[in-house]
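So the chains spell out like this:
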Amino acid sequence: MRRFFPVIAGVLALIVVSALLSYFLLKEKKTGLEFALASYADLPGWHTDNMGEAQKALLRSCDKIKAMPEGKALPGAAIGGVYKDWLPACAAIKAAAPDTLADVIEDFFLPLAVSVGGNDTGVFTGYYEALLHGSMTPSEQYTIPLYTRPPELVMVDLGKFRPSLAGQRIAGSVQNGQLVPYPDRKGIMDGALDGRGLEVLWVDSAVDAYFLHVQGSGRVLMDDGRLLSVGYAAQNGHANRLIGRHLLETGAIKKENMSGQAIRDWLAKHPEEVNAVLKTDPSFVFFRMLEAGDGPYGSAAVVLTPAHSLAVDRRFMPLHAPVWLSASHPDPQDPSNNTVPFNQLLVAQDTGGAISGEIRGDVFWGFGSEAEEIAGRMANKGRYWLLLPKDLALKAAGDEG
């Protein structure tokens, strides 16, 4: 056995050397998501933003926070703590006048600069509340159904079963005691749900219906003059593969020209290819009717506020948390101008299948042609600071002492 001792010693030495090298390499080049304490002076435009609308978004989240069990964790990343951690700040926000909101936030929150691998810049896109034209009954004009959630559809939050899978979801139906994938968009477009009475209403454009699936909510101008609102109810569990990706891969649209408007223009010029292109995205969304006066709801179960609600990747960001975003957006009046400054307080109140990454966000722009114009062309670089109650911020930054 003694002849094996030098071999074992050599292996141990290699392990030690490897560990030391890994340690020093990691110290030299930081990797992973990081939160560093910052000053409000670091936030471009702080104290110049009109925070009246931002206060609406904050209060909508605070109302949700106050209604939840105090010891329950905020949805999303664990750095958000539990609802009780947010109650003092919410009380102060509710009592604040709009022109004092910035001071109140400074009293209760600390800003954290967000970076990953030393990089603090990411891509920020936009979404909006779409407008469609529809009818409660199908006809030669209204042929495209919007479906309600099928009763057999099971949506699974994998984080409830494995902490390492937090923020990931699947969906399917139970067959013979097993959860199996639900039909994809192609299967549904080819008739998988026909004859079941699941139609909420019918619209006159497959392209408009697809954009509604991407946006998650919209309004439908009915043939009888009513304006109805529809919102997200469920999703079929298949990963998003937005049709813009297919059009890029096939060379139909060049990368530098890609936008929601460019996709619409291409589909309008190639009507014979519309169905085939739409079927390349397996994801499919189911809808529900919203009560009159309700706006679209985000994943945080609150009504979204235009230009102040942000969809984030909940694996890295807690929902309901305020975020200071420094980015830019397209000028809705000038397609050649894509750099209108956007330094503003938003609240993480939504998620989305295409919103993936540590420094990634989707700004909700509201309803109307201007909102669609901005959202359709927005894919701008920017950075954000996460605002957390002071104790949580210190903990996230590793500076509790």
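Scope of this entry: the structure provided in the associated data block. Please read all numbers here as calculations on a predicted model, not as lab measurements.

**Let's talk about the overall build of the protein chain**
Part 1 of the reasoning: Across its full length, the protein chain carries eleven helices and 16 strands.
Part 2 of the reasoning: The C-alpha radius of gyration computed for the protein chain amounts to 24 Å, which stays within 12% of the reference 21 Å derived for 401 residues, consistent with globular compactness.
Part 3 of the reasoning: Seen through its principal axes, the protein chain has C-alpha atoms that stretch 85 × 70 × 45 Å.
Part 4 of the reasoning: Expressed as a percentage of the 401 residues in the protein chain, the buried residues total 44%.
Part 5 of the reasoning: In the protein chain, of all internal contacts separated by at least 6 residues, the share reaching a separation of at least 24 is 77%.

**What to know about the environment of R245**
Part 1 of the reasoning: Take R245: it is sitting in helix α7 (residues 243-249).
Part 2 of the reasoning: Classification of R245 by relative accessible area gives partly exposed; the value is 47%.
Part 3 of the reasoning: Between the C-alpha atom of R245 and that of Q333, which follows or precedes it by 88 residues, the distance is 27 Å.

**A closer look at the state of the cysteines**
Part 1 of the reasoning: If you walk through the whole model with that rule in mind, you get one disulfide.
Part 2 of the reasoning: The side chain of C62 participates in a disulfide bridge whose partner is C90; the two sulfur atoms lie 2.2 Å from each other. As the torsion about the S-S bond is roughly -85°, the C62-C90 disulfide counts as left-handed. Note that C62 is positioned in helix α2 (residues 52-66) and C90 in helix α3 (residues 87-95), a separation of 28 residues in sequence.

**Thoughts on α3**
Because an α-helix packs 3.6 residues into every turn, residues spaced three or four apart end up facing the same way.
Part 1 of the reasoning: Listed as buried for α3 are A89, C90, A92 and I93. Taken around the axis of α3, the buried residues stretch over an arc of 165°, which confines them to a single face. For α3, the exposed residues lying more than 90 degrees away from the buried face are K94 and A95.
Part 2 of the reasoning: Lining the buried residues of α3 we find α2, α4 (101-108) and β2 (109-116).

**Here we look at the pairing of strand β13 (residues 322-329)**
Part 1 of the reasoning: Counting buried positions along β13 gives eight out of eight residues, so the element sits mostly inside the fold.
Part 2 of the reasoning: By the alternation rule, side chains of β13 split into P322, W324, S326 and S328 and V323, L325, A327 and H329, which are all buried.
Part 3 of the reasoning: Examined bridge by bridge, β13 and strand β14 (residues 340-350) share eight bridges and lie antiparallel to one another. The residue bridging V323 from the neighbouring strand is L346, located in β14.
Part 4 of the reasoning: Pairing geometry for β13 and strand β16 (residues 379-389), over four bridges, is antiparallel. Paired with W324 across the two strands is W385, which belongs to β16.

Cut-offs used in this document
Residues numbered from 1 in each chain as written. Predicted model: local features only at pLDDT ≥ 70, side-chain atom pairs only at ≥ 80, totals over all residues. Heavy atoms only, no water. Helix = DSSP H or I, 4+ residues; strand = E, 2+ residues; numbered from the N terminus. Rg over C-alpha atoms; globule rule 2.2 N^0.38 Å. Buried < 20%, exposed > 50% of the residue type's maximum accessible area, 1.4 Å probe, protein only. Contact = heavy atoms within 4.5 Å. Disulfide = S-S within 2.5 Å. Arc of directions from axis to C-beta. Pairing = 2+ DSSP bridges.

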